[in-house]
Amino acid sequence: MRVEEEENQTKMLQVEEKSDLAGVDGIDSSNKSRICGGGIAGGGGGVSVGNDSSSSSSSSTSSSSATFPDQVLENVLENVLLFLTSRHDRNSVSLVCKSWYRAEAFNRLELFIGNCYAVSPIRAIRRFQRVRSLVLKGKPRFADFQLVPQNWGAHFTPWVTEMSLAYPWLEKICLKRMSISDDDLSLIANSFTGFKELVLVCCEGFGTSGLAIVASKCRQLRVLELIECDVIDEEIDWISCFPENGTCLESLSFDCVECAIIFEALERLVARSPSLRKLRVNRNVSTGQLHRLMIRAPQLTHLGSGSFSPSDAIHQEEQELDLFSAFTSCRSLICLSGFRDILPDYLPSIYPVCANLISLNFSYANIDAEQLKSVIRHCHKLQVFWVLDSVCDEGLQAVAASCKDLREVRVFPMDAREDSECPVSEVGLLAISEGCRKLRSILYFCQRMTNAAVVAMSKNCPELVVFRLCIMGRHLPDHITRKPMDEGFGAIVMNCKKLTRLAVSGLLTDEAFRLIGMYGKLVRTLSVAFAGDTDDALTYVLEGCPKLQKLEIRDSPFGDAALFSGLHHYYNMRFLWMSACRLSFSGCRQVAQRMPHLVVEVIKDIDEEEIDLKFCHGGRRY
């Protein structure tokens, strides 16, 4: 009977947690028991402990095996768990037994939720009661390409409403692809008296009035970063709202804010922020004004230049000389970005800091190969490099020759249309693989590619963790042999044993997906577009990739049979996105019926036949 009771308790606990907390950091939604008798080393509620060496020989055998109560055990665990900083390690710890589960939840200070619909705010707060930092993600990545319907959701309001009551000590919020309103920002500013960090990435729904409230009321604010956000211009001078008697600012980024600012207010803010290390300004700040800011803050380590062209009021040569002297005095700079509206003649201004740079972002700079060469030859310490394809293969060859320590490279298209003429090809990719053997991550947009170049990268850069190759035309084969790209992508998963993120493109058959399922055992995120022959392709992936958490598929010939093949795996995933595939409403309905704790969302345009399917596990839509 006791065995039956313990088994029933185990099942009940699994169902409860799986239905409400799957997808939340600290919760593994796989079918694993969380109960092992409530203790360690033999169960029975505690830890068996032997006698101390000073104990008398008259101590009985029973006293030598005395057990501590669960509360004592949990107190010990709480102190031990403080040394675990990895959320994946904490995930594993919480699955050991009930005592570890409770102790891990009680001392969790940082909460990561990869899908805002995977758990309700109330349920998350009820389990994690001491959280000081929240990272919350909303819409899928396809939202960046306008592939998600308007008003899809991902609203922050339910979260901040509950947190304002439960977490008065909250210090940090990071949101990605969420909808956050000015009222939400006001609630943050008024509820969390010790609030210190706000990071918004690809968010929308708020404006300058909300920023003004945060700036004026969050007196301990250290970080305010707005990255690729859509900010509404409400004609509010939010920069002037920061405290007048000094600030705690360490990082201020607003390069995505299109509305004009009052530069004098920004200059005064920089001057009274002695701790400021990161500053990224928008395109309304000219190079002349940038020079004035740099003189005020020579301690900067990260700088986003905004516009990199002269203002009309000052002579160009004078501004160029002033900017050169400003960079000369900023010897601490290690990261540079911005360069919008660039005047290439100004690039020599950054020469004084190039030797120390570890990150350089030219993804907004329309420069050619020769202009890039003049800069990149000085950047021998560079580890992160983003650039537009306007530099051509020749520019990438220069990068490969100078930047031997490169760990991440991203090459973005000037023109992202499928029929555009892309000036980079397999030549640039091959050069990077041969010159940058320490590479860990690559994102590469092109129109032409060969299997040979991809195979060479897999052999030259076996430490790759992220490989995203975007061949922009549909169903494009190896442009020399005219064969599918199966061999290249197969080599990536076979030779790069640490690969966790993969984006495939070009002409791919089921064979490529068979190889991904066979060798991609650590792959957590897979993006597929215009690829595959039959349902077997998706079946290979769902049955062969045990770590898969995110699967994004569009315009591929996968139907209900492929969807059903993943039933055993869906509880482990954050989300599956299938757009313009061969799914049916009845198929989606069957998935929902067979897995009642799974949230299934089907989006269909009334005038079109395709279905956009997105579902996450164990949550509730609200």
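Cut-offs applied
Residues numbered from 1 in each chain as written. Predicted model: local features only at pLDDT ≥ 70, side-chain atom pairs only at ≥ 80, totals over all residues. Heavy atoms only, no water. Phe/Tyr/Trp six-rings, centres within 6.5 Å; stacked < 30°, edge-to-face > 60°. Helix = DSSP H or I, 4+ residues; strand = E, 2+ residues; numbered from the N terminus. Buried < 20%, exposed > 50% of the residue type's maximum accessible area, 1.4 Å probe, protein only. Lys NZ or Arg CZ within 6 Å of the ring centre and 35° of its normal. Axes fitted to C-alpha atoms, helices over the stretch in contact; angles between N-to-C directions. Parallel < 35°, antiparallel > 145°, perpendicular 65-115°, else oblique. Contact = heavy atoms within 4.5 Å. Nonpolar A, V, L, I, M, F, W, Y, C, P; charged D, E, K, R; others polar. pLDDT = per-residue confidence, 0-100. Pairing = 2+ DSSP bridges.

Considering the packing of aromatic side chains
Alright, step 1. Per the counting criterion, the structure on display carries 11 aromatic pairs.
Alright, step 2. Considering the side-chain rings of F339 and F362, the 4.9 Å spacing of their centres and the 70° angle between planes classify their relative orientation as edge-to-face. Highlighted residues: F339 in the loop between β9 (335–337) and α13 (351–354) and F362 in strand β10 (residues 359–362), separated in sequence by 23 residues.
Alright, step 3. F362 sits in the buried class, given a relative accessible area of 0%.
Alright, step 4. Site record: aromatic cluster; members linked through ring pairs are F308, F339, Y346, F362 and F385.
Alright, step 5. Directly above the aromatic system of Y364 lies the positively charged group of R340, at a separation of 3.8 Å from the ring centroid.
Alright, step 6. A cation over an aromatic ring shows up here: R594 above the ring of F564, its NZ or CZ 5.5 Å from the ring centre.

So, the packing of helix α8 (residues 182–191) against helix α9 (residues 208–217)
Alright, step 1. As a packed pair, α8 and α9 sit with axes 8 Å apart at the nearest point and diverge in direction by 5°. The orientation of α8 with respect to α9, classified from their angle, is roughly parallel. On the side of α8, the interface is formed by D182, L185, S186, A189 and N190, while α9 contributes S209, G210, L211, I213, V214 and K217.
Alright, step 2. Per-class residue counts for the contact of α8 with α9 are 5 nonpolar, 4 polar and 2 charged.

Overview of the confidence of the model for the chain
Caution applies to low-pLDDT parts of the model: their predicted coordinates are not meant to be read in detail.
Alright, step 1. Overall, the predicted model of the chain reaches an average pLDDT of 84, with 83% of residues at or above 70.
Alright, step 2. Here residues 26–68 scores under 50 on pLDDT; set against residues more than four positions off or in separate chains, the count is 80 contacts.

Describing unusual backbone geometry
Alright, step 1. Even without glycine at this site, E235 takes up a positive phi of about 55°.
Alright, step 2. Mapped onto the elements of the fold, E235 is located in the loop between β5 (223–227) and β6 (251–253).
Alright, step 3. Positive phi, close to 65°, is recorded for R482, a residue that is not glycine.
Alright, step 4. Mapped onto the elements, R482 comes out in the loop between β14 (466–471) and α18 (486–495).

Details of the environment of R292
Alright, step 1. With respect to the element layout, R292 can be found in helix α11 (residues 287–296).
Alright, step 2. Taking the C-alpha atoms as reference, R292 lies 8.9 Å from L323; in sequence the two are 31 residues apart.

Some points on the pairing of strand β17 (residues 550–554)
Alright, step 1. Counting buried residues along β17, 4 of its 5 residues qualify, which places the element largely inside the surrounding structure.
Alright, step 2. When strand β16 (residues 525–529) meets β17, the two strands line up parallel, connected through 5 bridges. If you follow S527 over to β17, its bridge partner there is E552.
Alright, step 3. Where β17 lies against strand β18 (residues 575–581), 5 bridges are found, and the strand directions are parallel. Directly across from E552, in β18, lies its bridge partner W577.

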